[in-house]
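Okay, here's what each chain looks like letter by letter:
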Amino acid sequence: MAPQSGKLDAVDSLTTQPAAHVDTSHLLDLKAIPDSTSRTGTWLKDGAKNFFPGFGHSLAEDFGSWQGLEKTGITVVGSMAITAALKAALPEGGITGKVVGTALLGVFGTMAAKPVYQSYEHAQNAVTMGELHASGKELGYIGGEFTTSMALGTIGAFAGGAIANGVLESEALDDFAASKARFWEPKEKWMVNKAPKLSEYLLTPEAIQRARTVDMNTRTWQPIGTKAMLMDSMKKQAPGEKVGEIDPNERFNVSIYAKSVDDTGLKLDRRLKRIARQQAGFVSDQEMAEKFGANKDSMSAIQTWAESKGLKVTLQDARNGRMVVNGTGAQFEDALGTKFEQWKSPDGVVHRSRVGALSVDSHVSSHIDAILGSDNRPAMTTQRTPFVPTSDFDALANEEPAGVAEAHGAGHAKAQLRAKPILASDLARARGLKVDANTGKGKTIGIGELGGDVDLDSDATFYTKRGLPVPERMKVGVNGTVPKSDGPNGADGEVALDTNVAGLTAPGAKQRIAFGENSDAGFPDTQNELAFPTDGGPAADVITWSWGQYQGAWTKQAQAALTNALKRSAAKGITTFVAAGDNGAADGAPKGFDVDFPSASPYVTSVGGTQVILDGKGGIAQEVSWNDGARGGQTGGGVSNQTKRPDFQAGMKMPANANGNGFDGRVVPDVSENASPKSGYIVQVDGQEGAIGGTSGAAPQWAAYTAAMASELGKNFGNINYFLYQSGNAGVPIFRDITSGDNNGYKSGPGFDAVTGWGTPVLDKMIDALKVYKPVSPSRAKVVSLYNAANDNLFNQNRTGTGG
């Protein structure tokens, strides 16, 4: 209840009409106030002494009668209504909310200040000591009543906010939330492009994220006469040398992504949050097309425009807006307002190249989110180390791994802790996974590739000669891509590493190996093909990627198209693992530090690298962060310069960005697994056995683990990061903490770090934890307890020892 000024007003004389609830017995003290007495000091002192009596009296008034309860209810309900209305109407952040909040505080502050000022006037006008003491008692009672009023108002505000959040986050209000986001977004492009600080003040947090980072809903089109230029498609000249002009009659495919019916992107974001909280189920293909897929008018407009340019639309997928358009070089130059040339990259690959941004007829620009693949320069690299034949294994392990001396003493015999290549199945068993013919049964592992090939018949001998079942595997060419073998030290080595590691760890899982073009179209197209097959094949339950590039090398439209593909995959219940990179904290960037993308996407689980030494008895003898120096590579990891920190990392103590720019970016990796070439994975490439390391092996290993756990528990996990971070913050013993080592930019340490994330898995404990997992609010990163008391004994065993 707000203080009632009339209740405290003693008009002209405190002796003739004292405040109604103030004890006036001491007013008989009619002594004049000595000149040496500080009126203000006495007033404040008496006010402090009478605060608690005033507080008690106010509580009695608020709850001691039906009239008091009525006023109390009005205070609580009123504050609830005000808060709920503000939640519904205003952006969560930015200057709009701050101005309104400050104005409301000013109003309430003015109301509260009036009786305080009146009491102060009474003290200054007091003639006797009794009148002065009475004014001080007034102050105490005012303070007590103000405290109860603020407490009741705060309770109401929190209750109103919680109820409003619950209602506003419901699916029924998705359209309202999207309309609200559109209303608060700046209507002029200059506010985002020219005045980012102003746009931050005016936008909702969701819109701020879209303005700062990458999403499908921030495409920047610049009108130029009857054309519109897609600024997010801007490219620099390709490295290498020009070798000639393209054949104008050469036909090739270009991928065009249509606008979504979810034009703000907010509806899918809200669904993903509800899925993470287990308040909604995964999205079916039909629901994806209807609620979050392509706008049919946009797909129709793109098709009409393409055909008017002589181009042919060969594929349309309403689930993700993917359209494949075929035509000649000359037709695409005309349609896209660009010029293509033939260039040879530094590694000898001849490709099409263009410079600048793409342009289309202005009437169709508003229907397009991305145009990818017209320039097919090699865009991605594999995250693996060179192939080492079996005959060279001894030479591979002739150096003692980092951390051995620190862990066991300088005098420890090297021969007792010598790293050597391992089988993925042996590592899985050491992590606590039961590996047999049924491991992963009923699940499909999607393996994304942007080059190379594998002969499945020949590769089957890798399993049979070890008495292991050959996993069921199928190859898919995306957009007409034909897999092309290029030898053990080419992309063939990557394909073998991915399929062999996954096949040894989860032999019962099917593998769908999808080959896309190594261009900026290849990644999103292949992700979408694995998640939303167009050939009638099975969709993946888990997807692994061992390809990527430092984030600064991506165009915004390519990054956005892949981000949207990853979001839709997660919403469908697919878990995607991505290698964090093999070039340390710099990740190959020409200047400063960077992280790999799509490893930096919040919709994937980023996998870093360690060096593992098995003890020969089915256990792990030693494990440290992977850093074999400049020649041997080191795990990627760090703080993104572009992708905002996701909610599952909120509230955690995180390393500062090594670039010193202060950007509160996504931190990678999330988890780790064996990656050092000295402890590399034994594989078979083009009929030859050997070992390959790199986070390219760590990612499929985690994908296979997850397929095995999904098979055992009979459910998919979608974005598993929420479970991993909630468990890690609560201290659930599902990780082996890697505390020693660095990646030439960040250091390993206890708990989560930017070198190995949470560490490597303890799979038997992880399966137990998944059985009883109940999500809490993603913003509460520090969790005291995740599980009911009935499940506490499940984890009262000793934790696995840490490495280093």
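An account of the accompanying structure is given in this report.

About the criteria used
Residues numbered from 1 in each chain as written. Predicted model: local features only at pLDDT ≥ 70, side-chain atom pairs only at ≥ 80, totals over all residues. Heavy atoms only, no water. Buried < 20%, exposed > 50% of the residue type's maximum accessible area, 1.4 Å probe, protein only. Helix = DSSP H or I, 4+ residues; strand = E, 2+ residues; numbered from the N terminus. Arc of directions from axis to C-beta. Contact = heavy atoms within 4.5 Å. Pairing = 2+ DSSP bridges. Salt bridge = Lys/Arg side-chain N within 4 Å of Asp/Glu carboxyl O. Axes fitted to C-alpha atoms, helices over the stretch in contact; angles between N-to-C directions. Parallel < 35°, antiparallel > 145°, perpendicular 65-115°, else oblique. Left-handed = near helix turned anticlockwise from the far one by under 90°. Polar contact = N/O pair within 3.5 Å; in protein donor to acceptor, adjacent residues only side chain to side chain. Core = buried A, V, L, I, M, F, W, Y, C linked by side-chain atoms within 4.5 Å. Nonpolar A, V, L, I, M, F, W, Y, C, P; charged D, E, K, R; others polar.

**Here we look at helix α14 (residues 329–336)**
Alright, step 1. Those residues of α14 that fall on the buried side of the exposure criterion are Gly329, Phe332, Ala335 and Leu336. End-on, the buried residues of α14 take up no more than an arc of 130°, which puts them together on one face.
Alright, step 2. Turning to α14, the residues buried within the fold contact β4 (251–258), α13 (296–308), β6 (322–328), β9 (356–361) and β10 (368–372).
Alright, step 3. Of the residues one or two after α14, Gly337 is the one with positive phi, at around 60°.

**Describing the pairing of strand β21 (residues 620–625)**
Alright, step 1. The buried fraction of β21 amounts to five of the six residues, a majority that puts the element mostly inside the structure.
Alright, step 2. Both strand β20 (residues 605–614) and β21 contribute to a ladder of five bridges, which runs antiparallel. In the sheet register, Ile613 faces β21, and the bridge partner there is Gln622.
Alright, step 3. Between β20 and β21, which pair antiparallel one after the other, the connecting turn spans five residues, and Gly616 there sits at a positive phi close to 85°.

**Concerning the pattern of salt bridges**
Alright, step 1. Summed over the entire model, instances satisfying the criterion amount to 38 salt bridges.
Alright, step 2. Between Glu529 and Arg512 there is a salt bridge whose closest N-O contact spans 3.6 Å. Here Arg512 lies in strand β15 (residues 510–515) and Glu529 lies in helix α22 (residues 522–531), a separation of 17 residues in the sequence. Residues Glu529 and Arg512 agree in their burial class; the two are buried.
Alright, step 3. Residues participating in the shared-partner salt-bridge network are Arg322, Arg512, Asp525, Glu529 and Asp535.

**So, the sheet that holds β10**
Alright, step 1. Pairing is antiparallel across the open sheet formed by four strands, whose spatial order is β5-β6-β4-β10. In this open sheet, the two strands that pair with only one neighbour each are β5 (312–317) and β10. The sheet shows a mean angle of 20° between the axes of neighbouring strands, direction not considered.
Alright, step 2. Pairing between β4 and β6: seven bridges, direction antiparallel.

**A look at the side chain of Glu287**
Alright, step 1. Inspection of the secondary structure puts Glu287 in helix α12 (residues 285–292).
Alright, step 2. According to the relative accessible area criterion, Glu287 is buried, its value standing at 18%.

**Let's talk about the packing of helix α25 (residues 695–713) against helix α27 (residues 763–772)**
Alright, step 1. Packing of α25 against α27 leaves a shortest axis separation of 11 Å and a crossing angle of 45°. Between α25 and α27, the angle is such that the two are oblique. Where α25 crosses over α27, the two elements pack in a sense that is right-handed. Touching Trp702, Tyr705, Met709, Glu712 and Leu713 of α25 are Leu763, Met766, Ile767, Leu770 and Lys771, all from α27.

**Details of the environment of Thr390**
Alright, step 1. Here Thr390 is to be found in the loop between β12 (388–389) and α16 (393–396).
Alright, step 2. Between the alpha carbons of Thr390 and Ala691 there is a distance of 7.0 Å; along the sequence they are 301 residues apart.
Alright, step 3. Among all residues touching Thr390, those that are not within four sequence positions of it are Glu689 and Gly690.
Alright, step 4. Side-chain polar atoms of Thr390 contact the backbone oxygen of Glu689, separated by 3.1 Å.

**Re the nonpolar core**
Generally speaking, a soluble globular protein has its nonpolar side chains buried in company with each other.
Alright, step 1. Core analysis: the biggest nonpolar cluster contains 75 residues, and Ile445, Phe723, Leu724 and Met766 have the highest contact counts within it.
Alright, step 2. Broken down by element, the residue count for this core peaks at nine residues, all from α25.
Alright, step 3. Counting 39 residues, the second-largest nonpolar core is a separate cluster that includes Met380, Ala531, Val595 and Phe597.

**With respect to the side chain of Thr760**
Alright, step 1. On the secondary structure map, Thr760 appears in strand β28 (residues 760–761).
Alright, step 2. A polar side-chain atom of Thr760 sits 3.1 Å from a polar atom in the side chain of Arg431.
Alright, step 3. Excluding anything up to four places from it in sequence, Thr760 contacts Arg431, Thr610, Glu623, Ser672, Glu673, Ile734, Phe735, Arg736 and Ile738.

**Here we look at the packing of helix α4 (residues 66–89) against helix α6 (residues 129–168)**
Alright, step 1. Axis separation between α4 and α6 bottoms out at 7 Å; the angle between their running directions is 40°. In terms of orientation, α4 and α6 fall into the oblique class. The element α4 and its partner α6 pack so that their crossing is right-handed. In this structure, α4 contributes Thr72, Thr75, Val76, Ser79, Met80, Thr83, Ala84, Lys87 and Ala88 to the contact, and α6 contributes Ser149, Leu152, Gly153, Gly156, Ala157, Ala159, Gly160, Gly161, Ile163, Ala164, Asn165 and Leu168.
Alright, step 2. Split into classes, the residues belonging to the contact of α4 with α6 amount to ten nonpolar, ten polar and one charged.

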